[in-house]
Amino acid sequence: MTDWGLAIKIACGGFSLVFIILVTLAISIKLTKVITERIIKDKQ
Amino acid sequence: MFGLLESGFHLFYWGNALMIVIGLGFIYLAIGKKMEPLLLIPIGFGMILVNLPLSGVMDYEMQLRAPQAGIVMEVQMNEESHFKKGVPVCKLDSGEVKTPVFGRIDSIRVFPGQRVAKGDIIASIITMEQTDQSVLPTKPIGLLSIIFKFGVMWQILPPLMFLCLGALTDFGPMLANPKTLLLGAAAQFGVYLAFFFSLFFGFTLPEAASIGIIGGAEGPTTIYVTSILAPHIIGATAVACYSYMALVPIILPPVIYLLTTKKERAIYMKPQLRKVSKLEKVLFPLIGTVIVILFVPSSAPLIGCFMVGNLFRESGVTERLSKTAQTTLVDIVTIFLTLAIGASMPAQNFLQPKTLFILVLGVVAFASAAGAGVILAKIMNLFLKEKINPMIGAAGVSAVPMSARVVQVMGQKANKKNFLLMHAMGPNVAGAIGAAIAGGVFLGILR
């Protein structure tokens, strides 16, 4: 007997988590770009 | 033959013939049509080998044990008897002892009148069925069953393959345009849609997760998740994933045409992506590893291997390791993994209604993943000043680099000035990370 409640939690939670993680990665990429450009600029 | 050697002729049946034809079909696609030859040739050949009776390449030994104590009333099979699943081997006064798998008897260890305790060995069985080792432990005794057990079931080959993929992957296009990570995330919708449909068709939660992850379009992730959650369907899910990766040029275009207008397909994207510094390329695998694994610890083997492979590539000081991972190691792992996967499809296991459902759900997973990526790209265009061509959303189906190439070809057809390959590589690569995360989530909850 399928536990539909658990299935919905897994699907919605899992999909949301994938989005949250990839958005966090996207933000970290932007931040890394800003910081690395500053480091390179300071070196120059 | 001559009373000395048992040939396979008398055990060869229509199921074996059909599987051999399918294996030959894969080999034809690989050699004749040049579709993913590195994958389809070993998979096809493995299918042929395992469907030649008594080849032994994929044999496992299992001890059939008495489920309850009793006295043996009758032994209903002989040594070398072949049987299907659920057939009685012997009758005890307390009940029947039935075979939990298909296979043949290697040796009978009891005789009528013998008293057996619960757990005593009734017979030694040879089978080709993949079982849950915690319930029905088996010992591999064939060449490919040994590779399968210690390479696939011990979860060594899939993460190693991911390491090689990391070394082969250039994150530059994704780092140049981080918005594309969202498109890779959207494509994981296919995973969860197939997961739900699988439950409707009566599959269990672990089986549904193993079928859903086909939508991630990553062979190693599919094999890794299925080997843990539902090893008995690993042949079907792996062949579905690898086959549909080869068929991406056929699956993606109809989905794209259905969801986009001619004007949208012709949206021009400037070919020049910003230059990504070496420091960014070195930092991303490190930062990515920490972030993803803190969120989803069970994705560590896949994400960790993916990122360390990429670090070998980008660090500039591990050229030997990078070169090995991109060439020799990936070839060795591909040979072992795909031969073993091909050999995990004996007819008795593969030719079941369940398999047909898995193959259909696999297509649903792929198509809906592509569709979700396109739809999110169209939604993003409502808010973006510089529009993105929605076709690149379909490249979130992470069959790297085939999806991106399909988008490139379609982009050129719609607008000759458009060069979408590098733009499409962003979601393509992001989809690989997304698939590994989705797999990790399933494992974290269902293992």
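**Comments concerning the interface of chain A and chain B**
Think of interface size as the accessible area that goes away when the parts come together; that is how it is often given. The interface is formed by 22 residues belonging to chain A together with 30 residues belonging to chain B. Split into classes, the residues belonging to the side of chain A that touches chain B amount to 14 nonpolar, 6 polar and 2 charged.

**Regarding the pairing of strand E5 (residues 95-98) of chain B**
One ladder, built from 4 bridges, connects strand E4 (residues 88-92) of chain B with E5 of chain B; its direction is antiparallel. When the sheet's bridge partners are listed, Cys90 of chain B is paired in E5 of chain B with Val97 of chain B.

**Examining helix H15 (residues 319-342) of chain B**
All names here are of chain B. For H15, which comprises 24 residues, the first-to-last C-alpha distance of 33 Å matches the rise-based estimate of 34 Å (1.5 Å per residue) to within 8%. Turning to H15, its buried residues are Ser322, Ala325, Val330, Val333, Phe336, Leu337, Thr338, Leu339, Ala340, Ile341 and Gly342. Contacts from the buried residues of H15 go to helix H2 (37-50), helix H3 (143-153), helix H4 (157-168), helix H9 (219-229), helix H10 (234-246) and helix H14 (300-315).

**Examining the sheet that holds strand E8 (residues 121-127) of chain B**
All names here are of chain B. If you walk across this open sheet you meet the 5 strands as E3-E6-E8-E1-E9, and the pairing is antiparallel. Lying at the two open borders of the sheet, with one neighbouring strand each, are strand E3 (82-83) and strand E9 (139-140). Across 2 bridges, strand E1 (residues 60-65) lies against E9 in antiparallel orientation. In the sheet register, Tyr60 faces E9, and the bridge partner there is Pro140.

**Description of the domain arrangement of chain B**
Segmenting chain B into domains produces domain 1 (9-56), domain 2 (61-127) and domain 3 (144-446). Distance between the C-alpha centres of domain 1 of chain B and domain 2 of chain B: 33 Å.

**Focus on the pairing of E1 of chain B**
Residue and element names in this part refer to chain B. Only one face of E1 is covered, namely the one carrying Tyr60, Met62 and Leu64; the face carrying Glu61, Gln63 and Arg65 has none of its residues buried. Where E1 meets E8, 6 bridges bridge the pair, whose relative direction is antiparallel. Along E8, the bridge assignment pairs Met62 with Ile125.

**Examining the confidence of the model for chain B**
Overall, the predicted model of chain B reaches an average pLDDT of 93, with 99% of residues at or above 70. Taken together, the chains of this predicted complex give a pTM of 0.90 and an interface ipTM of 0.93.

**Observations regarding the sheet that holds strand E2 (residues 70-75) of chain B**
With antiparallel pairing, the 4 strands of this open sheet are ordered in space as E5-E4-E2-E7 (chain B). The sheet is open, and its two edges are formed by E5 and strand E7 (115-116) of chain B, each paired on a single side.

**Structural notes on the environment of Gly70 of chain B**
Residue and element names in this part refer to chain B. Tracing the chain through its elements places Gly70 in strand E2. Residues Gly70 and Ile293, 223 residues apart in the sequence, show an inter-C-alpha distance of 51 Å. The residues contacting Gly70, other than those within four sequence positions of it, are Leu92, Asp93, Ser94 and Val116.

**Points about the nonpolar core**
Residue and element names in this part refer to chain B. In terms of nonpolar packing, the biggest core is built from 170 residues, with Ala340, Ala394, Val397 and Val407 touching the most fellow members. Examining the composition of this core, we find that 14 residues originate from one element, helix H20 (residues 421-446), more than from any other. Apart from residues lying up to four places away in sequence, Ala340 is in contact with Gly46, Leu144, Ile147, Phe148, Gly151 and Val152.

**Examining the environment of Leu247 of chain B**
Secondary-structure assignment places Leu247 of chain B in the loop between H10 and helix H11 (248-259). Between the C-alpha atom of Leu247 of chain B and that of Val400 of chain B, which follows or precedes it by 153 residues, the distance is 13 Å.

**Some words on helix H7 (residues 189-200) of chain B**
With 12 residues, H7 of chain B extends 17 Å from end C-alpha to end C-alpha; this agrees with the ideal 16 Å at 1.5 Å per step. Regarding H7 of chain B, the residues found buried are Phe189, Gly190, Val191, Tyr192, Leu193, Ala194, Phe195, Ser198 and Leu199 of chain B. On its buried face, H7 of chain B sits against helix H1 (4-43) of chain A together with helix H6 (180-186), helix H8 (205-212), helix H17 (353-381) and H20 of chain B. Gly202 of chain B sits one or two residues past H7 of chain B and shows a positive phi near 95°.

Basis of the calculations
Residues numbered from 1 in each chain as written. Chains lettered and ligands numbered in written order. Predicted model: local features only at pLDDT ≥ 70, side-chain atom pairs only at ≥ 80, totals over all residues. Contact = placed C-beta atoms within 7 Å. Nonpolar A, V, L, I, M, F, W, Y, C, P; charged D, E, K, R; others polar. Pairing = 2+ DSSP bridges. Helix = DSSP H or I, 4+ residues; strand = E, 2+ residues; numbered from the N terminus. Expected span 1.5 Å × (residues − 1). Buried ≥ 20, exposed ≤ 12 C-beta atoms within 10 Å, placed from the backbone. Domains from an automatic or database assignment. pLDDT = per-residue confidence, 0-100. Core = buried A, V, L, I, M, F, W, Y, C linked by C-beta atoms within 7 Å.

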